[in-house]
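In case you want the letters, here they are:
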Amino acid sequence: MALEHVSSQRLRSEAKTDDSIDVTDDVDFVAYYERASGRLVVDPEQAKVEFGEVMASRLKLSPDGLKVLWPQPADDPNDPQNWTDFRKTVHLIIITMSAVVPDFDSGIGIASIFGLAQTYDTTSGVINDLTSNWSIFLLGWGGIFWVMLMRRYGRLPVLFWSQLFAFAFLIGATLAPNLATFAGMRCLTAFFGTCPQVTGLYVVTDIFPFHLQARKLNIWTSGFVLSPYLSPFVFGFLVARVSWRWAYAIGSIYSAIVLFLIVFFMEETMYDRHLASKPLQISTGLQYRFKTLIGVTGYKMAQYRPRWPEVLLASLDVVWRPQFFFVVLFEALVFGFSIGVNTTNVVFMGSPPPVGFGFSPYAVAGAYATPIVAVLFGEIIGRYINEFIMDLHIRKNGGFFEAESRLWTCYLAMPLYICGFLTLGAGIQNLSEAALIMGWGIAIVAITLNTVAVYAYCNDCFPRRAGEVSALLNLARALGGFAVAYFQVPWATKSGGLMVFGVEAALVIAMFFIAVPMTQLKGSYFRARYAL
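If you check an unreviewed UniProt entry, the protein chain appears there as MFS general substrate transporter from Suillus fuscotomentosus.

Here it is as structure tokens:
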């Protein structure tokens, strides 16, 4: 027995040395989860070795008893981790529908591009450059701003006010009498509307335990990956018959529905876990809900939360760290080129030969069913692949999970990405409709798989910085897409689609080999050396 006790103490001492986690007889599980930074004990049996029999017996486990829950739910009904599955699912649906709004609204301009050019007496290129590209640019920067407010005042009030203003500005774009007004309204809609695309990662990590987060992120990310293709598909048929203003009016109705769901069904998911040891009153009633919605409750709670200097510099404090920086550059190229494809494919499909396919407005709209179906395929494949990789890694790694295992999905995504982009480029160059459809679909499946893996990995590395991680990834993919739309059409017209998409695929694969294998090999060192 004495020998067994010494062996246990030695293992626990080694865990403390290797991972810089203070493992004592009285473990602060909140601090452990935050400081572990991508390396968590998941197997309950291994937890007994890591924390000792007494502390391990206090750990809350998944319903099947096979996984330790991280973060550990507090003994408090107000903790969103303790909500019912139905309540959590409602919030996931609402935040996913909300995540559709920004790119859905932006994509209305793609469906309406020729109608807008006719109304404002200009060219489709001017509409793209002045409205589409700049709205994409502001989609990225808006997220950085909204995360700062959410760190201080909570998720719900910031989401509510941002979507209210986005809704108002979208109505302004619908009624805009001239191009300058329309461009201003559309850009402001993007800046305010982007909030759900950074709130979603917060909400998923607020309400779901670690081992379910990749599955739920798969659903949420599918919302914003799908959204830029949804509006051209839906409204392409509409604008072929009626004014583009009807498309924006229907987009406003969708925003109003999402705003209604936020007001009446969404709850605050931010839980100040460090204050859980203090007695917390269960607050209910219409007055409390109204105060939480408009931000009064969040304003009062701000005194217990990070101060403004920390909040303002938080994104900069994350972006330079090597376990994040290289992977984000990789994702910026992967997703950025997909945004460029979305804004330029409509030009290729609508332009007459030899530049484009000369599709009718109905054919262009129908073609956008391709990426929609591809996103759904990507969601289904990703759901099972990510969970399989996680469970396999935990078994092979002695009951521990390490964040770098998330990136194995990228190895599946990249061959699909190459195949998709080369086929898409060949289809545009040779005006092959079959190649266009197949290449586009395969590429979007790859992008969906890769995006979920990157989001899950970065979130695991920075459990206290989910908002900043989401905002920086959102900015990276937006800046990538903003740049591509300016050069892709002229370049493809001059050199051919195969050259353009081939070079883009080559850049992505080069960045993949630079970022992913290195991060997997050195990730544990990076996380220990450059932890927050």
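**Structural notes on the confidence of the model for the protein chain**
Here the protein chain averages 86 in pLDDT, while 93% of its residues score no lower than 70. Summarising per-element confidence for the protein chain, the mean pLDDT is lowest in helix H1 (residues 2-19) (38) and highest in helix H8 (residues 155-174) (95). Scored below 50 in pLDDT, residues 1-24 shows 23 contacts in the model against residues more than four places distant or in partner chains.

**Re the environment of Leu-156**
Position of Leu-156 relative to the elements: it lies in helix H8. Residue class for Leu-156 comes out buried when judged on its relative accessible area of 2%. Separated by 110 residues in the primary sequence, Leu-156 and Met-266 place their C-alpha atoms 7.3 Å from one another. Those residues in contact with Leu-156 that sit more than four places away from it in its chain are Ile-262, Met-266, Glu-267, Glu-268, Thr-292 and Leu-293.

**Re the pattern of salt bridges**
Per the counting criterion, the structure on display carries 18 salt bridges. Residues Arg-305 and Asp-272 are paired through a salt bridge, measuring 3.0 Å at the closest nitrogen-oxygen approach. Of this pair, Arg-305 sits in the loop between helix H14 (296-301) and helix H15 (308-319) while Asp-272 sits in the loop between helix H12 (244-265) and helix H13 (286-294), and the two are 33 residues apart along the sequence. This pair shows no difference in class: Arg-305 is buried, exactly as Asp-272 is. With a closest N to O distance of 2.8 Å, Arg-527 and Glu-404 form a salt bridge. Of this pair, Arg-527 sits in helix H22 (residues 497-529) while Glu-404 sits in the loop between strand E2 (400-402) and helix H19 (408-430), placing them 123 residues apart in sequence. In this structure, Arg-527 and Glu-404 share a single accessibility class: buried. In the salt-bridge network here, residues are joined through shared partners; they are Arg-39, Glu-402, Glu-404 and Arg-527.

Procedures and definitions
- Residues numbered from 1 in each chain as written.
- Predicted model: local features only at pLDDT ≥ 70, side-chain atom pairs only at ≥ 80, totals over all residues.
- Heavy atoms only, no water.
- pLDDT = per-residue confidence, 0-100.
- Helix = DSSP H or I, 4+ residues; strand = E, 2+ residues; numbered from the N terminus.
- Contact = heavy atoms within 4.5 Å.
- Buried < 20%, exposed > 50% of the residue type's maximum accessible area, 1.4 Å probe, protein only.
- Salt bridge = Lys/Arg side-chain N within 4 Å of Asp/Glu carboxyl O.

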